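Coordinate analysis (summary)
One letter stands for each residue in the lines below.
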Amino acid sequence: MEFDYDLFVIGGGSGGVRAARVAAGEAGAKVGLAEESRYGGTCVIRGCVPKKLMVFASEYGETAKDAQAYGWKMMAGGFDWPTFRDKLEAELDRLEGVYRNLLANSGVETFDMRARIADPHTVELSDGTRKTAKHILLALGGWPVKPDLPGAELAITSNEIFHLDKLPKRLLIVGGGYVACEFAGIMNGLGVQTTQYYRGAQILRGFDEEARGLVSEEMMQSGVDLHLGTNVLEMKQVEDGIWVKGTNGSERVFDQVMFATGRAPNTTDMGLEDVGVKLGRRGEIEVDEFSQTSVPSIYAIGDVTGRVELTPVAIREGMAFVETVFKGNPTPVDHELIPTAIFTQPEIGTVGLSEEDARDQEPIEVYCTSFKPMQQAFAGRSDRVLMKLVVSQKTRKVLGCHIVAPGAGEMIQMAGIAIKMGATKEDFDRTVAVHPTMSEEMVTMRQPVRTA
Ligand code: NDP
């Protein structure tokens, strides 16, 4: 049977764009791609990239104060949100242009509209035209969800936070995951009175407990009004803002409320169930290790599959899909030992098992140090950092590495290579320290602080 395309991709985010351009550019496939919103997807348009720029923006206030402590005569304060926001929006336009060019230069034909599945080899575009393809790749991404409670419509999500007309004076952030904690730090750094409600006992569930504990302490120390074990019951518009009733009995008024209560896969009204694509309990597309769905001609990658919701993982899944389907080299995606950073203030860099998970698995040794780093201590700040290795007693392999420190994301990328290669504690010990740095502590910790 003749198809219009060898591959039709739905979704122009990081994963979809990479798969489309590699299939077209390297494997010579005829590729079409439909995107209903902006090219670049969550990461480039409403996630990682603008978020990281906001983290940078929010850190300059403290940097300016530190500079004063180091003897610089300079003024701190006076952040102008519209100046930054307009520059940010221009940067996102530029990046979207880069993505469009990448696709055009690899020969991918793009359609700026919504597409849905009509049958296992056909997509229907929102203008009614139908395109057939030998393979269809769903790179549909996810979308923030708000809890179902009275007044929830008054709140924004991370989608809107980048485009505010003005910064609120009083902001409430609800949630304790990546997005909530990163934005609590950002907004606090930008001078917004930031309150955070998290329903659980400690933020960042699932990460190493010691690391979470330190981040939460440092966030509070730097001014975030964090309330653990607290959720929103009800919200109402009042004259001077949004009235919020909390599960802790509090009634407070905020100028803005942001829900960062998780994301849901974009699988609604896509025609998936009608053609037999199996969805999981949360609406995620079920796939095998080659990203193939229950319909053999349809594959799915990235956040919509609910595996690991991280840009570099979606990109790898896209590359593995092209290897498997277009290069005759079946390639499963390796989801083991993924290093990741949470851009809280201070940052967390982490790879492998938390102490708690490792302990449940086998006997371990824990090497850990927490100290005041030189640069901040000199400026009179009391910030602490944490360096931690979780080591298998039997194999001596480093099972987990957890860093809480400025620049932890940069450090964990490097540590991630060693740990992925199976480095043992003794390999770390054999490595000469780089002095004076924070990360030198990673190779100078001699005695375990505990065994378990
Ligand atoms: P997460 O799943 O990380 O966190 C959601 C948070 O909301 C949790 O604290 C959860 O609580 C809480 N929550 C869920 N439902 C409710 C509710 N009904 N009421 C109150 N609280 C609720 O989602 P995020 O949106 O923060 O991030 C989504 C994913 O995006 C992340 O998992 C990550 O993979 C990715 N991401 C990665 C980043 C990075 O690499 N730096 C940055 C941002 C996002 P509980 O813990 O109790 O379930």
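Shown above is the structure to which this text applies.
As the structure is a computational prediction, the values presented were derived from the model and not from experiment. (Residues numbered from 1 in each chain as written. Predicted model: local features only at pLDDT ≥ 70, side-chain atom pairs only at ≥ 80, totals over all residues. Heavy atoms only, no water.)

Here we look at the site of the ligand
- Lining the immediate environment of the ligand, one finds 20 residues, of which Gly 176, Tyr 198, Arg 205, Glu 309 and Ala 341 sit closest.
- In the model, an oxygen atom of the ligand is placed 2.7 Å from a nitrogen or oxygen of the Tyr 198 side chain.
- Between Asn 231 and the ligand, the recorded distance is 3.2 Å, taken from a side-chain N or O atom to a nitrogen atom.
- Computed on the free molecule, the ligand has an accessible area of 910 Å², of which 76% lies beneath the protein chains in the complex.
- Across the shell around the ligand, the residue classes break down as eight nonpolar, six polar and six charged. (Near = heavy atom within 4 Å. Polar contact = N/O pair within 3.5 Å; in protein donor to acceptor, adjacent residues only side chain to side chain. Areas by Shrake-Rupley, 256 points an atom, 1.4 Å probe, with all protein chains shown as cover. Nonpolar A, V, L, I, M, F, W, Y, C, P; charged D, E, K, R; others polar.)

Things to note about the nonpolar core
- In this structure, Met 54, Ile 161, Phe 183, Met 187, Leu 190, Ile 203 and Leu 204 are the most contacted members of the largest nonpolar core, which totals 45 residues.
- It is helix α6 (residues 178-189) that contributes the most residues to this core, six residues altogether.
- The contact partners of Met 54, leaving out residues within four places of it in the chain, are Trp 81, Phe 84, Phe 162, Phe 183, Ile 186, Met 187 and Leu 190.
- Ala 20, Tyr 39, Leu 137 and Phe 321 belong to the second largest nonpolar core, which has 26 residues in total. (Core = buried A, V, L, I, M, F, W, Y, C linked by side-chain atoms within 4.5 Å. Buried < 20%, exposed > 50% of the residue type's maximum accessible area, 1.4 Å probe, protein only. Helix = DSSP H or I, 4+ residues; strand = E, 2+ residues; numbered from the N terminus. Contact = heavy atoms within 4.5 Å.)

Some thoughts on the packing of aromatic side chains
- The tally for this structure, following the rule as stated, stands at nine aromatic pairs.
- When the ring of Trp 81 is compared with that of Phe 84, the centres are 5.9 Å apart and the planes differ by 45 degrees; the resulting orientation is tilted. Placement of both Trp 81 and Phe 84 in helix α4 (residues 81-105) is noted, with a separation of three residues, approximately one turn of the helix.
- A residue is classified by how much of its surface remains accessible, and Phe 84, at 16% relative accessible area, is buried.
- The interplanar angle of 80 degrees and the centroid separation of 6.0 Å between the aromatic rings of Phe 321 and Phe 326 together place this pair among those described as edge-to-face.
- With a relative accessible area of 0%, Phe 321 lands in the buried category.
- Taken together, the ring pairs connect Tyr 5, Phe 8 and Phe 111 into an aromatic cluster.
- When the ring centre of Tyr 5 is taken as origin, the NZ or CZ atom of Lys 30, which lies over that ring, is 4.8 Å away. (Phe/Tyr/Trp six-rings, centres within 6.5 Å; stacked < 30°, edge-to-face > 60°. Lys NZ or Arg CZ within 6 Å of the ring centre and 35° of its normal.)

Quick word on the layout of surface pockets
- Of the volumes computed, that of the second largest pocket is approximately 330 Å³.
- What lines the second largest pocket is a set of 15 residues, among which Met 414, Ala 415, Ser 439, Met 442 and Val 443 lie closest to the centre.
- With four residues, helix α12 (residues 408-420) is the largest single contributor of residues to the lining of the second largest pocket.
- Taken together, the residues that form the lining of the second largest pocket break down as 11 nonpolar, three polar and one charged. (1 Å grid on protein atoms, 1.4 Å probe; cavity = no way out; pocket = protein on both sides within 12 Å on 5 of 7 lines; lining within 4 Å. Points joined across faces, edges and corners; volume = space filled by probe spheres on them.)

Re the sheet that holds strand β13 (residues 251-254)
- Taken in spatial order, the three strands of this open sheet run β11-β12-β13, and their pairing is antiparallel. Since the sheet does not close on itself, it has two edges, and those belong to β11 (232-238) and β13, each with one partner. Adjacent strand axes in the sheet meet at a mean angle of 25 degrees when their direction is disregarded.
- The pairing of strand β12 (residues 241-246) with β13 spans four bridges and is antiparallel. Residue pairing for β13: Trp 243 is matched across the bridge by Val 253. (Pairing = 2+ DSSP bridges. Axes fitted to C-alpha atoms, helices over the stretch in contact; angles between N-to-C directions.)

Let's talk about a nonpolar patch on the surface
- A cluster of nonpolar side chains, namely Tyr 70, Trp 72, Met 74 and Phe 378, defines an oily patch on the protein surface of about 490 Å² accessible area.
- Looking at the element boundaries, Trp 72 is found in the loop between α3 (48-69) and α4. (Patch = residues over 30% accessible without salt bridge, like charges linked within 9 Å, V, L, I, M, F, W, Y side chains within 5 Å. Salt bridge = Lys/Arg side-chain N within 4 Å of Asp/Glu carboxyl O.)

Comments concerning the sheet that holds strand β17 (residues 340-342)
- An order of β17-β18-β21-β20-β19-β22 is seen for the six strands of this open sheet, with the pairing classed as antiparallel. Both outer strands of the open sheet, β17 and β22 (450-451), are each paired with one neighbouring strand and no more.
- Bridge count for β17 against strand β18 (residues 348-352) is three bridges, and the pairing is antiparallel. Paired with Ala 341 across the bridge in β18 is Gly 349.
- Its contacts with the sheet place helix α7 (residues 209-221) against β18, β19 (364-371), β20 (385-392), β21 (398-404) and β22, and it is angled at close to 175 degrees to β20.

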